[in-house]
Amino acid sequence: MSTQLLIGGRFYSSSSPDATAMAVTDGTVVWLGAEAPGRAMHPDAEIIDLDGAFVAPAFVDPHVHVTALGLRLTGLDLRGARSLADLLDVVRAHAARQPDGVIIGDGWDDTTWPEQRPPTVAELDEAAGPGRLVYLARIDAHSAVASSALLDAAGESGDRGEPLRADAHHRVRAVALAGLSRAQRDSARTAALDSAAAHGIVAVHECAGPDISSRDDVRELLAFDHGVQVRAYWGQAVRGADEARALLADLGVHGLGGDLFVDGSLGSHTALLREPYADAAGCGKNFLDADAVTDHLRACTEAGIQAGFHAIGDAAMDLVVDGFARVASELGGPAVAARGHRVEHAEMTDAAAIEQLARLGVILSVQPGFDAAWGGTDGMYATRLGAERAAGLNPFAAMAAAGISLAIGSDAPVTTLNPWEQIRAAVHHRTSGHGLSPRAAFAAATRGAWRAGGVRDGMAGTLVPGAPASYAIWDAGDLVVAAAADTVQRWSTDPRSRVPGLPALDPDVSLPTCLRTVHNGTTIYAA
């Protein structure tokens, strides 16, 4: 056996909130406490002096698109484009630097531009040059613009005056991604998983599917050698238990959910709403009806497979809740709850839906970064829905109060792969009363995220004796114990409660910097 003794640190541990030392033996936390007894108990241990650093359970991101994130990190990142003209300049420069191959970029957001529109096909052709295959996804990844050459290659002959949405978007994206080489895909995966490790993340949940990537992509990712653990979901609806088992075995994935689209996104006007959009005609798009949702849930529940759905709009959530209710009435609520089924995003979830989801043990995988980017009285949500409807989005506090298990993630590359930013966004919600306490948000990004991936041992995501030694070491300032940003201070904020402190999450405070990430006792990142 080999033992490491970490000394001189500050540890986030519910069992030993005053600990300054921690012992790890063969990938397992075996002890926490003061340095002197630690040295006496482990005289032969390798000593690691933390010099006051903060040590906390490592993060899990429960909603990531690994290859897409890597393509942004290694390619064309359009988040910095401040206007239509700016975007076209960026594309023009990129095309000049890389005169061959498909151009793939993402992150543009026309709602912030003075022109208030995306580029036309003609403008994109002019910027990239004749014959170039160009695919540029909107920041929410639910619509895109493409060059005429790519549209022709995908056989899209419809309206070329609007961004691609729904099935047309999925077809064009598939053709664009097929133009990448294996080396390009592997380079993207390395960049994405390296970035995860550098942000204190030891595991990610890949949310793949036939409308997002490809079967080859998810197979390659699961076989990819990296220290960051990957759990993969495949978003394809099935009708029976045998079909569910066969699909799972064929792809090697862990569940049939993630981005199994019931609807799209608010930014692209494809989230499915009960009432029309405030700034456009129609109520969005639905990809699965109530019968398809029910069939998929029934099949996965009977097969013992974790299922899930992508649902953002309130009408989409109605379909999901109805499906859960139907299956529970057939198979029993305990059978449904035992599978740990998930709903991704769940942005427009009202009190009735929350009560139903809580009763059936449904896990909600949420992205507080959405609210940080698009919430508020003058944000995209208010533009799309009107201020009153927008104020009801992402009610994290109500979800948690009802007993729903929350898992906080990023949906990277839609928002940044930085768990501390997601936690801060959950605490400082743009709608009063919807935010979480720092402790609850941190738990949702650690223990809750492990639980969302089926790990229910009560140890993962903690630093207590017997827990896996999966932790991150941070350069952090003073530690504080605080309630949610918009609530009164509670008893747990009193030092006498012995609640472990976390780094300050105020908007004007620098977030912690990762110094080292360790998964099951093995260092996977060192600054």
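Procedures and definitions
- Residues numbered from 1 in each chain as written.
- Predicted model: local features only at pLDDT ≥ 70, side-chain atom pairs only at ≥ 80, totals over all residues.
- Heavy atoms only, no water.
- Helix = DSSP H or I, 4+ residues; strand = E, 2+ residues; numbered from the N terminus.
- Rg over C-alpha atoms; globule rule 2.2 N^0.38 Å.
- Buried < 20%, exposed > 50% of the residue type's maximum accessible area, 1.4 Å probe, protein only.
- Contact = heavy atoms within 4.5 Å.
- Areas by Shrake-Rupley, 256 points an atom, 1.4 Å probe, with all protein chains shown as cover.
- Pairing = 2+ DSSP bridges.
- Polar contact = N/O pair within 3.5 Å; in protein donor to acceptor, adjacent residues only side chain to side chain.
- pLDDT = per-residue confidence, 0-100.
- Core = buried A, V, L, I, M, F, W, Y, C linked by side-chain atoms within 4.5 Å.
- Expected span 1.5 Å × (residues − 1).
- Phe/Tyr/Trp six-rings, centres within 6.5 Å; stacked < 30°, edge-to-face > 60°.
- Lys NZ or Arg CZ within 6 Å of the ring centre and 35° of its normal.
- Axes fitted to C-alpha atoms, helices over the stretch in contact; angles between N-to-C directions.
- Parallel < 35°, antiparallel > 145°, perpendicular 65-115°, else oblique.
- Left-handed = near helix turned anticlockwise from the far one by under 90°.
- Nonpolar A, V, L, I, M, F, W, Y, C, P; charged D, E, K, R; others polar.
- Domains from an automatic or database assignment.
- Buried area = accessible area lost by both parts, 1.4 Å probe.
- Salt bridge = Lys/Arg side-chain N within 4 Å of Asp/Glu carboxyl O.

1. Thoughts on the overall build of the protein chain
Link 1 in the chain: Each helix and strand in the protein chain was counted, giving 20 helices and 24 strands.
Link 2 in the chain: Its C-alpha radius of gyration of 23 Å places the protein chain within 12% of the 24 Å reference for a compact globule of 527 residues.
Link 3 in the chain: Along the three orthogonal principal directions, the C-alpha set of the protein chain runs to about 75 × 55 × 45 Å.
Link 4 in the chain: Counting the 527 residues in the protein chain, one finds 57% classified as buried.
Link 5 in the chain: Here the analysis covers contacts within the protein chain between residues at least 6 apart in sequence; of these, 72% occur between residues at least 24 apart.
Link 6 in the chain: For the protein chain, the exposed area adds up to about 19900 Å²; of that, 50% sits on carbon and sulfur atoms.

2. Some details on the sheet that holds strand S2 (residues 10-11)
Backbone hydrogen bonds hold the strands of a sheet together, and the pairing may be parallel or antiparallel.
Link 1 in the chain: Judged by pairing direction, the sheet is mixed, and its five strands sit side by side in the order S2-S6-S20-S23-S24 without closing on themselves. Strands with a single pairing partner mark the edges of an open sheet, and in this sheet they are S2 and strand S24 (522-526).
Link 2 in the chain: With four bridges joining them, strand S23 (residues 513-519) and S24 adopt antiparallel strand pairing. Of the residues in S24, the one forming a bridge with Thr 517 is Tyr 525.

3. Concerning helix H19 (residues 438-445)
Link 1 in the chain: H19 sits mainly inside the fold: six of its eight residues count as buried.
Link 2 in the chain: Within H19, the full set of buried residues consists of Pro 438, Ala 441, Phe 442, Ala 443, Ala 444 and Ala 445.
Link 3 in the chain: Where H19 is buried, its residues meet strand S6 (54-57), strand S7 (59-64), strand S19 (406-408), helix H18 (419-427), helix H20 (447-452) and strand S22 (502-503).

4. A few points about the sheet that holds strand S8 (residues 76-77)
Link 1 in the chain: Strand order in the open sheet formed by five strands is S8-S9-S10-S11-S12, with mixed pairing between adjacent strands. Each having just a single partner strand, S8 and strand S12 (164-165) make up the two edges of the open sheet.

5. Notes on the side chain of Ser 147
Link 1 in the chain: Topologically, Ser 147 is positioned in the loop between strand S11 (143-146) and helix H5 (148-153).
Link 2 in the chain: If we ignore the near neighbours within four places in the chain, the residues touching Ser 147 are Val 121, Leu 124, Asp 125, Arg 132, Leu 133 and Val 134.

6. Some points on the environment of Gln 236
Link 1 in the chain: Tracing the backbone through its elements, the reader meets Gln 236 in the loop between strand S14 (229-234) and helix H9 (241-251).
Link 2 in the chain: Spatially, the C-alpha atom of Gln 236 lies 34 Å from that of Ala 128, the residues being 108 residues apart in sequence.
Link 3 in the chain: Among all residues touching Gln 236, those that are not within four sequence positions of it are Pro 210, Arg 215, Leu 247, Leu 260 and His 296.
Link 4 in the chain: A distance of 2.8 Å separates a polar atom in the side chain of Gln 236 from a polar atom in the side chain of Trp 234.

7. Structural notes on the confidence of the model for the protein chain
Link 1 in the chain: With 97% of its residues at a pLDDT of 70 or more, the protein chain shows a mean pLDDT of 95.
Link 2 in the chain: Residue range residues 488-493 is modelled with pLDDT below 50. Its contacts to residues more than four positions away, or to other chains, number 14 contacts.

8. Quick look at the nonpolar core
Inside soluble globular proteins, nonpolar side chains tend to come together where they are buried.
Link 1 in the chain: Counting residues in hydrophobic clusters, the biggest one holds 85 residues, and the most contacted among them are Leu 256, Leu 364 and Trp 420.
Link 2 in the chain: In terms of residues, this core owes the most to one element, helix H11 (residues 314-331), which gives nine residues.
Link 3 in the chain: Other than its neighbours up to four places away in sequence, Trp 420 contacts Phe 54, Phe 59, Phe 442, Trp 474, Leu 502, Pro 503, Leu 505, Leu 511 and Pro 512.

9. Section: the environment of His 428
Link 1 in the chain: Assignment of secondary structure puts His 428 in the loop between H18 and H19.
Link 2 in the chain: There is a polar contact of 3.1 Å between the side chain of His 428 and the backbone oxygen of Leu 505.

10. Let's talk about H11
Link 1 in the chain: Taking 1.5 Å of rise per residue, the 18 residues of H11 would be expected to cover 26 Å, and the 26 Å separating its terminal C-alpha atoms lies within 8% of that figure.
Link 2 in the chain: Along H11, the residues classified as buried are Asp 314, Ala 315, Ala 316, Met 317, Leu 319, Val 320, Val 321, Gly 323, Phe 324, Val 327 and Ala 328.
Link 3 in the chain: The elements touched by buried residues of H11 are helix H10 (290-303), strand S16 (306-311), helix H12 (333-338), strand S17 (342-345) and helix H13 (351-359).
Link 4 in the chain: Positive phi shows up at Gly 332, right after H11, with a value of about 95°.

11. Examining the packing of aromatic side chains
Link 1 in the chain: Under the defined criterion, the tally for this structure stands at ten aromatic pairs.
Link 2 in the chain: Summarising the aromatic geometry, the rings of Trp 108 and Trp 113 are spaced 6.0 Å apart at their centres and angled 35° between planes, so their arrangement reads as tilted.
Link 3 in the chain: A relative accessible area of 1% means that Trp 108 is categorised as buried.
Link 4 in the chain: Measuring from centroid to centroid gives 6.0 Å for Phe 261 and Phe 287, while their planes differ by 45°, and the two rings are tilted. Of the two residues, Phe 261 sits in the loop between strand S15 (255-256) and H10 while Phe 287 sits in the loop between S15 and H10, which places them 26 residues apart along the sequence.
Link 5 in the chain: On the accessibility criterion, Phe 261 (8% relative accessible area) is buried.
Link 6 in the chain: Taken together, the aromatic side chains of Tyr 12, Phe 59, Trp 420, Phe 442 and Trp 474 make up a single cluster linked through ring pairs.
Link 7 in the chain: Against the face of Phe 287 rests Lys 285, its NZ or CZ located 5.6 Å from the ring centre.
Link 8 in the chain: Its end group placed over the ring of Tyr 233, Arg 342 keeps NZ or CZ at 4.7 Å from the ring centre.

12. A look at the packing of H18 against H19
Link 1 in the chain: Remark: H18 packs on H19, axes separated minimally by 9 Å, with the N-to-C direction vectors making an angle of 140°. Classified by the angle between their axes, H18 and H19 sit oblique to one another. Crossing of H18 against H19: the hand is right-handed. Contact with H18, carried on its side by Trp 420, Ile 423, Ala 426 and Val 427, involves Pro 438, Ala 441, Phe 442 and Ala 445 of H19 and no other residues of that element.
Link 2 in the chain: Its residues placed into classes, the contact of H18 with H19 shows eight nonpolar, no polar and no charged.

13. Thoughts on the domain arrangement of the protein chain
Link 1 in the chain: The domains assigned to the protein chain are domain 1 (3-58 + 462-476 + 512-526), domain 2 (66-181) and domain 3 (183-453).
Link 2 in the chain: Here domain 2 and domain 3 have C-alpha centroids that lie 25 Å from each other.
Link 3 in the chain: Residue-level contacts link 28 residues of domain 2 with 36 residues of domain 3.
Link 4 in the chain: A buried area of about 2600 Å², summed over both sides, lies between domain 2 and domain 3, and 60% of it is on carbon and sulfur atoms.
Link 5 in the chain: Sorting the residues of domain 2 by area buried against domain 3 places Val 66, His 142 and Ser 181 first, and these three jointly supply 26% of that buried surface.
Link 6 in the chain: Seen at the junction of domain 2 and domain 3, the total is zero salt bridges.
Link 7 in the chain: Counting across the domain 2 and domain 3 interface gives 13 residue pairs in polar contact (both at pLDDT 80 or more).
Link 8 in the chain: Where the side of domain 2 that touches domain 3 is concerned, the elements lending two or more residues are helix H2 (66-74) and helix H6 (166-178).

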